[in-house]
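One-letter residues, chain by chain:
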Amino acid sequence: MFEKRIKKFIDLINEKNVTWIKASELRCPEDKYDDEFYEEIKKMDVYGILKVRNFTHTHNSNILLTSKGAFLGKCYIDNYDKIFEDVVSLITSANSSLNNDVEISKRLNVPRIFVDAVFVDLENQNLVKTKTGIGGMYISKFTDRGNDYLF
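Residues numbered from 1 in each chain as written. Predicted model: local features only at pLDDT ≥ 70, side-chain atom pairs only at ≥ 80, totals over all residues. Heavy atoms only, no water.

Visitor: Please explain the pattern of salt bridges as it appears in this structure.
Guide: Pairing between side chains of opposite charge can happen when the charged atoms of each approach one another. Throughout the structure, instances matching the rule amount to nine salt bridges. With its nearest N and O atoms 2.7 Å apart, the salt bridge here joins Arg5 to Asp31. With Arg5 in helix H1 (residues 2-16) and Asp31 in the loop between strand E1 (20-22) and helix H2 (34-46), this residue pair connects regions lying 26 residues apart in the sequence. For the pair shown, Arg5 and Asp31 are each scored as buried. (Salt bridge = Lys/Arg side-chain N within 4 Å of Asp/Glu carboxyl O. Helix = DSSP H or I, 4+ residues; strand = E, 2+ residues; numbered from the N terminus. Buried < 20%, exposed > 50% of the residue type's maximum accessible area, 1.4 Å probe, protein only.)

Written out as structure tokens, the structure is:
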């Protein structure tokens, strides 16, 4: 069921260009009981797929798709392969010092969370190390494997 919710969240990001949504926006017709729906949202928060703010058993809880959640749903991101290639091109360009999701997102005109999915993908392939701070997610270093593969 997580996959359906991740897909729905990605669809909302594309449709509304939003970061935070109300939990109720992830409800599906199959969700018959509020308690089961909110239990699933809580699990997704515990697993790091969503970040829940102001969690209550109402439809007012705000939720955010995390970089891990976006990575898990990369198959639902339109043109993910192109976004991946464009991000890699920017971070490996000789005259570029871009390593921050915010700047890359602006440059490519794609949602920041999609850039984060690429960063997680690169990190999972052991090509880069990332860090997350107040300013967003960024590549802190290229691994030896990353240097061999990307440069």
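Visitor: What is the right way to read H1 from this model?
Guide: For H1, with 15 residues, the first-to-last C-alpha span of 21 Å sits near the 21 Å given by 1.5 Å per residue. Every buried residue belonging to H1 is among Arg5, Ile6, Phe9, Ile10, Leu12 and Ile13, and all of these are buried. The buried residues of H1 occupy an angular sector of 155° when projected down its axis, which confines them to one face. In H1, the exposed residues that point more than 90 degrees away from the buried face are Glu3 and Glu15. (Expected span 1.5 Å × (residues − 1). Arc of directions from axis to C-beta.)

Visitor: Even after reading the chapter, I still don't get the environment of Asn126, so can you show me in this structure?
Guide: For Asn126, the position within the fold is in the loop between helix H6 (112-124) and strand E4 (128-133). When residues no more than four places from it in sequence are discounted, the contact partners of Asn126 are Thr143, Arg145 and Gly146. (Contact = heavy atoms within 4.5 Å.)

Visitor: How should I be thinking about the nonpolar core in this particular structure?
Guide: Nonpolar side chains in soluble globular proteins generally cluster together in the buried interior. Counting residues in hydrophobic clusters, the biggest one holds 43 residues, and the most contacted among them are Leu26, Leu50 and Ile63. The set of elements that each furnish at least two residues to this core consists of H1, H2, strand E2 (50-53), strand E3 (62-65), helix H3 (67-72), helix H4 (80-92), H6 and strand E5 (136-142). If you tally residues by element for this core, the top one is H6, at eight residues. Filtering out sequence-adjacent residues up to four positions away, Ile63 remains in contact with Phe9, Thr19, Trp20, Ile21, Lys22, Ala23, Leu26, Ile41, Leu50, Lys51 and Val52. (Core = buried A, V, L, I, M, F, W, Y, C linked by side-chain atoms within 4.5 Å.)

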